Amino acid sequence: MEQVNYGSGNNPDPQPGKADLLLALTRRCNLNCRYCFIDRRRKPADLPRKTLKLALKLLFSSSKKALSLQLFGGEPALAPALVFDAVAISRRMEAETGKRLEISLTTNLLGWSDAALRFLAKERVGILASLDGDEAAQTWRSGINLPKRDFIRMLAAARRLKRLGCRLRLNMVVAPEKVRRLHKNFIFLKTLGLGEIQAAYALAPGWTANRRLQFLKQLLKAKASGLRQDWEIEPVLTHPQIFCDCDGVVSVGCAAVLETSAPALAESFKMGNLGNFSSLDDLAGSRREQETKISRLAAQRALPRFIPEVIALGNAAKSVLGRGKVS
Ligand code: SF4
């Protein structure tokens, strides 16, 4: 592999805190989740290798000592060569720069070979597994006729990762239509004993005031049953997450899963191409700036109604789970 210039990442006086990059490896997926609004027709479908290197170079250009790389999709299992490259190149950059790199990967657990799972474990890749609950929940969410054997494969992959010593966290997405099953699904996942569970709400229409209340009540029930979660990231839509898409376009704020349902929002988060930035630090945004972008779009009536609804939901979850009661 060729030498890469890491820009200000070679700074001998690294800054405290952690720099974070969410990187889409592919737009392809083997599911078609009801609450996923990624535009599958956009090209390129996969992150080109040259763009991957530029994205990693941008991450390592940060003046921060601690870095976090979150590999995302689509479903990364459909692009295993890109996963191997992303992990191998970034681990090499970690060794060369002396930085501390944490890698995580979001997956629906379907389509991995055993060799790939062993690779992820060996390279200390943390896994965020998208599992919404029992077979009925997973089948409903998947948007395709999910055969029982696929659900069994998902659980088998999660168990294998756990046996291999992977850091595994389950991401349980709650759709508004299924909010009353949140606690039941949490208990199902907890009983599997696979790892920590986090609850997330679907960024989708349907969060009426009644469902919002149900969500909060169910969360409190889950909390009483052992749900442990940091809600500081909420509302996720105003979190200034730095995101690089397969086409090399960098955004502050991640609206990738809302491309087709809130296209103006996804556009407003875009900052430019990878090549435009000499340091990841230049992209550091604030929640206030994200809120301003969203308010501007709302004033122009360019946002679907569910966007303020899910922001209100995130704020309510953050506030109520902190206070411990539903008002
Ligand atoms: S939410 Fe994830 S698993 Fe579901 S279709 Fe979208 S990319 Fe695929």
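Just above sits the structure.
Let me begin by describing the structure that accompanies this report.

Cut-offs applied
- Residues numbered from 1 in each chain as written.
- Predicted model: local features only at pLDDT ≥ 70, side-chain atom pairs only at ≥ 80, totals over all residues.
- Heavy atoms only, no water.
- Helix = DSSP H or I, 4+ residues; strand = E, 2+ residues; numbered from the N terminus.
- Rg over C-alpha atoms; globule rule 2.2 N^0.38 Å.
- Buried < 20%, exposed > 50% of the residue type's maximum accessible area, 1.4 Å probe, protein only.
- Contact = heavy atoms within 4.5 Å.
- Areas by Shrake-Rupley, 256 points an atom, 1.4 Å probe, with all protein chains shown as cover.
- Lys, Arg positive; Asp, Glu negative; His and termini not counted.
- Charge placed at Lys NZ, Arg CZ, Asp CG, Glu CD.
- Near = heavy atom within 4 Å.
- 1 Å grid on protein atoms, 1.4 Å probe; cavity = no way out; pocket = protein on both sides within 12 Å on 5 of 7 lines; lining within 4 Å.
- Sits in = over half its atoms within 2 Å of the grid points.
- Nonpolar A, V, L, I, M, F, W, Y, C, P; charged D, E, K, R; others polar.
- Pairing = 2+ DSSP bridges.
- Right-handed = clockwise from strand over helix to strand, strands pointing away.
- Points joined across faces, edges and corners; volume = space filled by probe spheres on them.
- Salt bridge = Lys/Arg side-chain N within 4 Å of Asp/Glu carboxyl O.
- Axes fitted to C-alpha atoms, helices over the stretch in contact; angles between N-to-C directions.
- Parallel < 35°, antiparallel > 145°, perpendicular 65-115°, else oblique.
- Left-handed = near helix turned anticlockwise from the far one by under 90°.
- Core = buried A, V, L, I, M, F, W, Y, C linked by side-chain atoms within 4.5 Å.

### Quick word on the overall build of the chain
Broken down by element type, the chain carries 10 helices and nine strands. In terms of overall size, the chain behaves like a compact globule, its C-alpha atoms giving a radius of gyration of 19 Å where 327 residues would be expected to give roughly 20 Å. C-alpha atoms of the chain, sized along the principal axes, occupy 55 × 50 × 40 Å. Every one of the 327 residues in the chain was classed for burial, and the buried ones make up 53%. Across the chain, the fraction of contacts at a sequence separation of at least 24, relative to all contacts at a separation of at least 6, is 78%. Carbon and sulfur atoms provide 52% of the accessible area of the chain, an area that totals close to 14,500 Å². Mean positive and mean negative side-chain charge positions of the chain (52 and 30 charges, respectively) differ by 6 Å.

### Section: the environment of G193
Residue position: G193 is located in the loop between α6 (182-192) and β6 (196-201). Using a relative accessible area of 40% as the deciding quantity, one classes G193 as partly exposed.

### Some details on the site of the ligand
Every residue lining the ligand is accounted for by C29, L31, N32, C33, C36, R40, G74, N108 and R141. Counting atoms within 2 Å of the grid points, the majority share of the ligand lands in the largest pocket. Here the residues of the shell around the ligand are counted per class, giving four nonpolar, three polar and two charged.

### Quick notes on the pairing of β6
With five of six residues buried, β6 lies mostly within the body of the structure. Here six bridges tie strand β5 (residues 168-174) to β6, and the two strands are oriented parallel to one another. If you follow N171 over to β6, its bridge partner there is Q198. Considered for its hand, the β-α-β crossover made up of β5, α6 and β6 is right-handed.

### As for empty space enclosed by the protein
With the rule as written, the count across this model stands at two cavities of 30 Å³ or more. If you add up the space inside the largest cavity, you get close to 90 Å³. What lines the largest cavity is a set of 14 residues, among which F243, D245, S251, A266 and K270 lie closest to the centre. Among the secondary structure elements, those contributing two or more residues to the lining of the largest cavity are β8 (249-252) and α8 (263-269). Considering only residue class, the lining of the largest cavity consists of seven nonpolar, two polar and five charged.

### Side note on the pattern of salt bridges
Tallied over the entire structure, the rule returns 22 salt bridges. Between R27 and D245 there is a salt bridge whose closest N-O contact spans 2.8 Å. One end of the pair, R27, is in the loop between β1 (15-24) and α1 (49-60); the other, D245, is in the loop between β7 (242-244) and β8, and 218 residues separate them in sequence. When its relative accessible area of 4% is taken as the criterion, R27 is described as buried. Of the residues examined, D245 reaches a relative accessible area of 7% and is grouped as buried. E259 is the partner of R27 in a salt bridge, and the nearest nitrogen-oxygen pair spans 2.8 Å. Separated by 232 residues along the polypeptide, R27 in the loop between β1 and α1 and E259 in the loop between β8 and α8 bring together distant segments of the chain. By the burial criterion, R27 is buried, and E259 matches it. Salt bridges linked by common partners bring R27, R42, D245, D247 and E259 together as one network.

### Some remarks on the packing of helix α2 (residues 80-97) against helix α3 (residues 114-122)
Running from N to C, α2 and α3 cross one another at 20°; their axes reach a closest spacing of 11 Å. Relative to α3, the element α2 is oriented roughly parallel. The two elements α2 and α3 meet at a crossing, and its hand is left-handed. Residues V83, F84 and V87 of α2 form the contact with α3, whose own contacting residues are A116, F119 and L120. Looking at the contact of α2 with α3 residue by residue, the class counts come to six nonpolar, no polar and no charged.

### Here we look at the side chain of Q290
Along the chain, the position of Q290 falls in helix α9 (residues 287-299). Among all residues touching Q290, those that are not within four sequence positions of it are T238, H239, P240, V252, G253 and F269.

### Topic: the nonpolar core
For soluble globular proteins, nonpolar side chains are generally found buried alongside one another. In terms of nonpolar packing, the biggest core is built from 103 residues, with L23, F215, L258 and L265 touching the most fellow members. For this core, the element with the most residues is helix α10 (residues 306-323), which contributes nine residues. Ignoring any residue separated from it by four or fewer positions in sequence, one finds L23 in contact with L47, L52, A55, L56, L69, Q70, L71, F72 and C244. In terms of nonpolar packing, the next biggest core, distinct from the first, is built from seven residues, A24, F72, C254 and A256 among them.

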